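Residue-level structural notes
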Amino acid sequence: MSNTIDFEQQDKEYIANTYGRFNVCFEKGKGSLLWDVNGKEYIDLGSGIGVTAFGVDDDEWTEAVTKQSHALNHISNLYYSLPQIELAKQLCAKTGMKKVFFSNSGAESNECAIKAARKYSHDKYGEGRHVIVTLVNSFHGRTITTLSATGQDVFHQHFFPFTEGFIHTPANDIDAALKALDNPAVCAIMMEPIQGEGGVMPLDKEFVQAVTKYAHEHDQLVLIDEVQTGNGRTGSLYAYQQFGIEPDVVSTAKGLAGGLPMGATLFNEKMQYVLNAGAHATTFGGNPICAAAGNTIINRLTPEFLDSVKAKGDYVKATLAGKPGILGVSGMGLMLGIETTVDPKAVITKCLEKGVVCLSAKNKVRLLPALNIPQDQLEKAIAIVAEAIEELAAK
Ligand SMILES: Cc1ncc(COP(=O)(O)O)c(C=O)c1O
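Residues numbered from 1 in each chain as written. Predicted model: local features only at pLDDT ≥ 70, side-chain atom pairs only at ≥ 80, totals over all residues. Heavy atoms only, no water.

Some words on the overall build of the protein
- Secondary structure summary: the protein contains twelve helices and 17 strands in total.
- The globule rule puts the C-alpha radius of gyration for 395 residues at 21 Å, and the 21 Å found for the protein is close to it.
- Seen along its three principal axes, the alpha-carbon backbone of the protein occupies a region of about 60 × 50 × 45 Å.
- Counting over 395 residues, the protein shows a buried share of 54%.
- Sequence separation of at least 24 residues holds for 72% of the intrachain contacts in the protein that already meet a minimum separation of 6.
- Entry remark: accessible area of the protein is about 17,600 Å², with carbon and sulfur atoms responsible for 55%.
- Side-chain charges in the protein split into 35 positive and 45 negative, and the spacing between the mean points of these groups amounts to 1 Å. (Helix = DSSP H or I, 4+ residues; strand = E, 2+ residues; numbered from the N terminus. Rg over C-alpha atoms; globule rule 2.2 N^0.38 Å. Buried < 20%, exposed > 50% of the residue type's maximum accessible area, 1.4 Å probe, protein only. Contact = heavy atoms within 4.5 Å. Areas by Shrake-Rupley, 256 points an atom, 1.4 Å probe, with all protein chains shown as cover. Lys, Arg positive; Asp, Glu negative; His and termini not counted. Charge placed at Lys NZ, Arg CZ, Asp CG, Glu CD.)

The structure is reproduced here in C-alpha cells:
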C-alpha cells in the first residue's frame, strides 16, 4: 500500500471531515523547505497559514522550546511565569500597550477583546451598550461569538442561535461606518487592518483613521484584529502601526509563537484594568513553552528585520506585476494576495505539483511565507507560481 492511499483513507476514516485537504502529507521541514512522506521537496510560501514566522525547525526557536520543555512544560495561571512576563513586557515595550492576556488561538484572542469591550462599557454605562460594529467581509474566528462578529453571511448558518449584538458595515465606506457607530447601543468597532480570509483586502488608511477618531470621541473602543496581520507579517510589528492610529485593544495569534498555539490580547491604558481577577481565564493560555517560543519571534522583529520583510514583499509585487494571468497583487509586507484570471485552487494544486506550497483567500492566491525566507528560495518559488498561473491561463 503506498503512503498516499494510506494517509488519505485513514484520515478520512478517523478525523472529522472538516477540512478540504490537498493530497499531500508533510513529514518534516527546515526553514522554508518542506518534505512530504515520499521525500519530495517543496518551497513553503504558506508557513502553515502565517504561523511558522521563522520557518520550520528554526534553530533559535527549537533551542528555546527544547530548553523550556526540559525546565517546565506547564504551570497553571495561579502562579507567576517568567517566560510569560518576558513576552508581555516585550509586547508592551514595542507597542506602548499596557497589559497582555494570553490565550491559545486567534478566535480566543478576539473573544477576550469582545468580552473586555463589553465589560468596559457595562462597568461605565450599565446595560444596553454592548453592540460591536464589524466590517462586511471580515473574519474573526470560529467560536459562536467570533462567527457572529465575522461579517460574512456564509458563516451565519447551521449553528443558531448566534451571539447577538454585532452589526456589520461595509469596509472603506466612512459614511456608512459613522452611521453605524452613531448608535447609543454601540460600545466598539472591530476591524482587521488587512482582511485576510476575506481576500487580502487592505483597509484604506483614511477609513481606519476616520472611524477611530469618531469612536474615540464617543468613548467607543477600537479593537484591532491582528491575528493574521500581526507579529511582523506586514513589515511592522503590528499592521495598525502603519495606519497612524492608537487602538484600545489588539488581538493576535498565528505567528506569535512561531508554530505553537498562542493568542494574545493587548490592552491600552484605558483598558488595562477592565478584566480583573476572575473576569477571564484559560487553562493553557501563556503556556511557558509557547511563551518561550514567542520571545524568540518577537525579539527578532527589529526595525532592520521588518524592513527586509517589506523589501521581500515589494520584490514579489514588482516581479508578478503584468505577468500573464495576473491582474494584480494586494497586501503589505509578506501578506500578499495575487488576483488571477484562473481558479486559485487550481493554482495551488499546480504549484504543489511543481514543489511550491501556497494558499488561497477568496478569489486570490495568498502568500504568507516565513518572514525570513531566503531571497533565493523566494525568487525560485515566485517564478514557479508565475509559471503555474501562466500555464493555467493559457488553457
Ligand atoms: C483575522 C483573523 N482573526 C481570527 C482568526 C481565527 O484564528 P484561529 O484560527 O487561530 O482561531 C483568523 C484565522 O484565520 C484570522 O485570520
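Next comes the rest of the account.
Structural notes on the site of the ligand
- Near the ligand there are 13 residues, and of these Gly 106, Ala 107, Asp 225, Gln 228 and Lys 254 occur at the shortest range.
- A distance of 2.8 Å separates an oxygen atom of the ligand from a polar atom in the backbone of Ala 107.
- Within the side chain of Gln 228, one N or O atom sits 2.8 Å away from an oxygen atom of the ligand.
- When the free accessible area of the ligand is taken as 390 Å², the share hidden by the protein chains comes to 81%.
- Here the shell around the ligand takes three residues from helix α5 (residues 106-125), the largest share from any one element. (Near = heavy atom within 4 Å. Polar contact = N/O pair within 3.5 Å; in protein donor to acceptor, adjacent residues only side chain to side chain.)

Details of a nonpolar patch on the surface
- A cluster of nonpolar residues, Tyr 80, Leu 82 and Ile 85, forms a patch on the protein surface that exposes about 430 Å² of accessible area.
- Structurally, Leu 82 can be placed in helix α4 (residues 82-95).
- When its relative accessible area of 69% is taken as the criterion, Leu 82 is described as exposed. (Patch = residues over 30% accessible without salt bridge, like charges linked within 9 Å, V, L, I, M, F, W, Y side chains within 5 Å. Salt bridge = Lys/Arg side-chain N within 4 Å of Asp/Glu carboxyl O.)

A few points about the pattern of salt bridges
- Under the criterion given, the structure shown has 13 salt bridges.
- Note that Asp 11 and Arg 21 form a salt bridge whose closest N and O atoms lie 3.0 Å from each other. Linking Asp 11 in helix α1 (residues 3-14) with Arg 21 in the loop between α1 and β1 (26-30), this pair joins segments that are ten residues apart in sequence.
- Taking relative accessible area as the criterion, Asp 11 reaches 23% and is therefore assigned partly exposed.
- For Arg 21, a relative accessible area of 49% translates into the label partly exposed.
- The shortest N-O distance in the salt bridge between Lys 119 and Asp 123 comes to 2.9 Å. Remark: Asp 123 and Lys 119 occur in helix α5; sequence separation between them is four residues, near one turn of the helix.
- For Lys 119, a relative accessible area of 22% gives the class partly exposed.
- A network of salt bridges, in which partner residues are shared, links Lys 350, Lys 354, Glu 387 and Glu 391.

A few points about the domain arrangement of the protein
- Assigned domains of the protein: these are domain 1 (3-54 + 303-394) and domain 2 (60-298).
- For domain 1 and domain 2, the distance between their C-alpha centroids amounts to 26 Å.
- On the domain 2 side, the residues contacting the 25 residues of domain 1 number 26 residues.
- Interface area for domain 1 against domain 2, summed over the two sides, is near 2,100 Å², with a carbon-plus-sulfur share of 62%.
- Considering only the side of domain 1, the residues that lose the most area to domain 2 are Met 332, Met 335 and Lys 362, jointly responsible for 33% of the buried surface there. (Domains from an automatic or database assignment. Buried area = accessible area lost by both parts, 1.4 Å probe.)

Concerning the packing of aromatic side chains
- All told, the structure shown has four aromatic pairs when counted by the stated rule.
- Measuring from ring centre to ring centre gives 5.1 Å for Phe 54 and Phe 305, while their planes differ by 25°; the resulting arrangement is stacked. Of this pair, Phe 54 sits in the loop between α2 (47-50) and α3 (59-71) while Phe 305 sits in helix α10 (residues 303-320), placing them 251 residues apart in sequence. One exposure class covers both Phe 54 and Phe 305, and it is buried.
- Of note, Arg 300 hangs over the ring of Phe 54, and the distance from its end group to the ring centre comes to 4.0 Å. (Phe/Tyr/Trp six-rings, centres within 6.5 Å; stacked < 30°, edge-to-face > 60°. Lys NZ or Arg CZ within 6 Å of the ring centre and 35° of its normal.)

Points about the sheet that holds strand β7 (residues 186-191)
- If you walk across this open sheet you meet the seven strands as β4-β12-β11-β10-β7-β5-β6, and the pairing is mixed. Two strands close off the open sheet at either side, each with one partner strand: β4 (99-103) and β6 (166-169). Each strand of the sheet is rotated relative to its neighbour by a mean of 20°, with strand direction disregarded.
- The pairing of β4 with strand β12 (residues 263-267) spans five bridges and is antiparallel. (Pairing = 2+ DSSP bridges. Axes fitted to C-alpha atoms, helices over the stretch in contact; angles between N-to-C directions.)

Here we look at the packing of α10 against helix α12 (residues 375-394)
- With their axes 11 Å apart at the nearest point, α10 and α12 run at an angle of 30° to one another. Taken as axis vectors, α10 and α12 run roughly parallel relative to one another. For α10 against α12, the interelement crossing comes out right-handed. Across from Lys 312, Tyr 315, Val 316, Thr 319 and Leu 320 in α10, the residues of α12 making contact are Gln 375, Leu 378, Glu 379, Ile 382 and Ala 386.
- Here the residues of the contact of α10 with α12 sort into six nonpolar, two polar and two charged. (Parallel < 35°, antiparallel > 145°, perpendicular 65-115°, else oblique. Left-handed = near helix turned anticlockwise from the far one by under 90°. Nonpolar A, V, L, I, M, F, W, Y, C, P; charged D, E, K, R; others polar.)

Focus: the packing of helix α11 (residues 344-354) against α12
- At a closest axis distance of 9 Å, the pairing of α11 and α12 adopts a crossing angle of 125°. Between α11 and α12, the crossing angle belongs to the class labelled oblique. The handedness of the crossing between α11 and α12 comes out as right-handed. Where α11 abuts α12, its residues Ala 346, Val 347, Lys 350, Cys 351 and Lys 354 lie against Ile 384, Val 385, Glu 387, Ala 388, Ile 389, Glu 391 and Leu 392.
- In the contact of α11 with α12, the residues fall into eight nonpolar, no polar and four charged.

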